[in-house]
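Structural characterization, general
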Amino acid sequence: MLVVRLTNNTEQRVRCRLRYDAPPQSTFRSSLNINPGRTEQSVFRARRKWFAVVVEVNCEARP
């Protein structure tokens, strides 16, 4: 299991999109809405044995 914690240190709400690439598993995607000053977490659970995981995180402000 891999846990990624994200903290929003801005004054605005943000939306973060996460992409987990852990071959030979299928690519897993998730998204989080994070309010100002809050910390949220995303959990990736392995269904197969893996040795390395590449996590892409893209966050943008939400109105």
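Quick look at the packing of aromatic side chains now. One pair of aromatic rings is described through two measures. These are the centre distance and the angle between the planes. For the structure on display, the rule yields 3 aromatic pairs. Judged by centre distance (5.7 Å) and plane angle (40°), the ring pair of Y20 and F28 falls under tilted. Note on Y20 and F44: the rings are 5.0 Å apart at their centroids and 5° apart in plane angle, and the pair reads as stacked. Of this pair, Y20 sits in strand 2 (residues 13–21) while F44 sits in strand 4 (residues 39–44), placing them 24 residues apart in sequence.

Moving on: the pairing of strand 3 (residues 28–34). Bridge analysis of strand 2 against strand 3 gives 7 bridges, and the strand direction is antiparallel. Across the sheet, C16 pairs through a bridge with L32, a residue of strand 3.

The rules behind each value
- Residues numbered from 1 in each chain as written.
- Predicted model: local features only at pLDDT ≥ 70, side-chain atom pairs only at ≥ 80, totals over all residues.
- Heavy atoms only, no water.
- Phe/Tyr/Trp six-rings, centres within 6.5 Å; stacked < 30°, edge-to-face > 60°.
- Helix = DSSP H or I, 4+ residues; strand = E, 2+ residues; numbered from the N terminus.
- Pairing = 2+ DSSP bridges.

Function cannot be inferred from these measures alone, as they are strictly geometric.
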